[in-house]
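Coordinates in review
The lines below spell out each chain.
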Amino acid sequence: MVQELIAAIAVAASAGVVYVAAGARVVKQYERGVVLRLGRLAGEVRPPGFTMVVPFVDRLRKVNMQIVTLSVPAQEGITRDNVTVRVDAVVYFRVVDAADAVIKVEDYRFAVSQMAQTSLRSIIGKSDLDDLLSNRELLNQGMELMIDSPAIGWGVQIDRVEIKDVSLPETMKRSMARQAEADRERRARIINADAELQASKKLAQAAEVMSEQPAALQLRLLQTVVAVAAEKNSTLVLPFPVELLRFLERAQSGQPPVVAESQRAREPRVPPVTEGQTAVEPAAPDRVNGVPEALGLPEAFADTDGLGVPDAFGILGGPGAPREPGEPEDGPTEEHTKPEAPAG
């Protein structure tokens, strides 16, 4: 009798241990437990740590309370200014009420994902292309409000929404590149024109100073020559001499230029013509036998045979032409002359 009692107690104790072990649960620090007893919410949300549920009667649902990073797939839409774009985003949210996240929505992750995609397409249709590219902060805030409004009833709080990338068609990219290039070119031309204006004012002031002091222009020319010579150039270009400029100024003002006495001596003197005579033009004094004297050619280049070709070149066999050995200076002899061909 005693042995049967001891066996029954042992069996009951073992069953109690098994029952307790079946009802023991552990909730992690970043989780909360929601107990459903026979399908109904039982009590408060279980905190982290060790907790007990009724086996085969209660069911414990653990909800993660950490911040979830949800990537929104790229959505293609048409902006308000009729530009087709593809925009993707990322949503950061967390559960603030575990009971509502379990009871009021079937799958809060899927619900937040679908709401984010719908809100993103709505934002694309309400915004211009410039807003998507430059004013993303305002769009992020608007999208966050659109997602957060229904998510509050699900026990979910939206922490942040960010638009990651905006994909444009290739034609639109090229158009924007040309627009940016044209704007850069416009600003560059404006800057160059402003620089030219400032430089012209400074040059005008410098010209006024140099007009008061003519020596300043000479010093400036010397400085330019020194600057060019410092570059080790093989060619050095010098300005016109001041005397030449003064000569041109006198010629422009109508004053007779100064003529050298030697040039006056060369002027032809025409004798007076009487009645019955014909005026004969004298030969130009600056040409000797058709050769300009100003070239300073020697007398050997003079035309000695009257054919208009200098014999010093040895073309016609004149006195200045090279001669064969044994040929006299007066000209070729009969032995060197070519016999005439017989007639007929």
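Just above, that's the structure.
Described in the following lines is the structure provided in the data block. (Residues numbered from 1 in each chain as written. Predicted model: local features only at pLDDT ≥ 70, side-chain atom pairs only at ≥ 80, totals over all residues. Heavy atoms only, no water.)

Here's the deal with the sheet that holds strand 2 (residues 31-37)
Put simply, the rule reads: Should DSSP find at least two bridges between two strands, the strands are taken to pair. Strands are runs of DSSP state E lasting at least two residues, helices are runs of H or I lasting at least four, and both sets are numbered from the N terminus onward.
In space, the 3 strands of this open sheet follow the order 3-2-5, with antiparallel pairing throughout. Two strands close off the open sheet at either side, each with one partner strand: strand 3 (40-41) and strand 5 (58-64).

A closer look at the sheet that holds strand 6 (residues 68-78)
Threshold: Fitted lines through C-alpha atoms give the axes, limited to the stretch in contact for helices. The angle between two N-to-C directions lies from 0 to 180 degrees. By definition, residues are in contact when any of their heavy atoms lie within 4.5 Å.
Strand order in the open sheet formed by 3 strands is 6-7-8, and the pairing between neighbours is antiparallel. In this open sheet, the two strands that pair with only one neighbour each are strand 6 and strand 8 (156-167). Ignoring which end each strand starts from, the neighbouring axes of this sheet average 25° apart. As paired elements, strand 7 (residues 84-95) and strand 8 share 10 bridges and run antiparallel to each other. Each bridged residue has a counterpart across the sheet, and for R94 the counterpart in strand 8 is Q157. Helix 3 (residues 108-126) rests against strand 6, strand 7 and strand 8 of the sheet, and its axis sits at about 35° to strand 6. Those strands touched by helix 5 (residues 136-151) are strand 7 and strand 8, and its axis lies near 140° from that of strand 8.

As for the packing of helix 3 against helix 5
What counts is decided by this rule: Should an angle lie under 35 degrees it is considered roughly parallel, over 145 roughly antiparallel, and from 65 to 115 roughly perpendicular; all remaining angles are considered oblique. The handedness criterion is simple: a crossing whose near helix is rotated anticlockwise from the far helix by less than a right angle is left-handed, and one whose near helix is rotated clockwise is right-handed. Residues are grouped as follows: nonpolar covers Ala, Val, Leu, Ile, Met, Phe, Trp, Tyr, Cys and Pro; charged covers Asp, Glu, Lys and Arg; every other residue, Gly included, is treated as polar.
Across the interface, helix 3 lies against helix 5 with an axial gap of 9 Å and an inter-helix angle of 140°. Taken together, helix 3 and helix 5 sit at an angle that is classed as oblique. In the packing of helix 3 onto helix 5, the handedness of the crossing is right-handed. Counted together, M115, A116, S119, L120, S122 and I123 of helix 3 and L139, G142, M143, M146, I147 and P150 of helix 5 form the full contact between these two elements. Taken together, the residues that form the contact of helix 3 with helix 5 break down as 9 nonpolar, 3 polar and no charged.

Considering the environment of Y19
Summarising the element assignment, Y19 is placed in helix 1 (residues 2-23). C-alpha separation for the pair Y19 and F56, spaced 37 residues apart in sequence, amounts to 9.8 Å. Non-local contacts of Y19, meaning those with residues more than four positions away in its chain, are made with V54 and P55.

What about a nonpolar patch on the surface?
In plain terms, the rule: Think of a patch as exposed residues, more than 30% relative accessible area, with no salt bridge, where like charges cluster within 9 Å and nonpolar side chains (Val, Leu, Ile, Met, Phe, Trp, Tyr) cluster within 5 Å. Surface accessibility follows the Shrake-Rupley procedure with a 1.4 Å probe radius. Residue values consider only the protein chains on display as shielding. Definition used for salt bridges: Asp or Glu carboxyl oxygen within 4 Å of a side-chain nitrogen of Lys or Arg.
Together, Y19, V20, V26, F50 and M52 give the surface a local cluster of nonpolar side chains, amounting to about 500 Å² of exposed area. Breaking the nonpolar patch down by element, the ones donating at least two residues are helix 1 and strand 4 (49-52). Residue placement: F50 occurs in strand 4.

Just distances and angles here, no functional claims.
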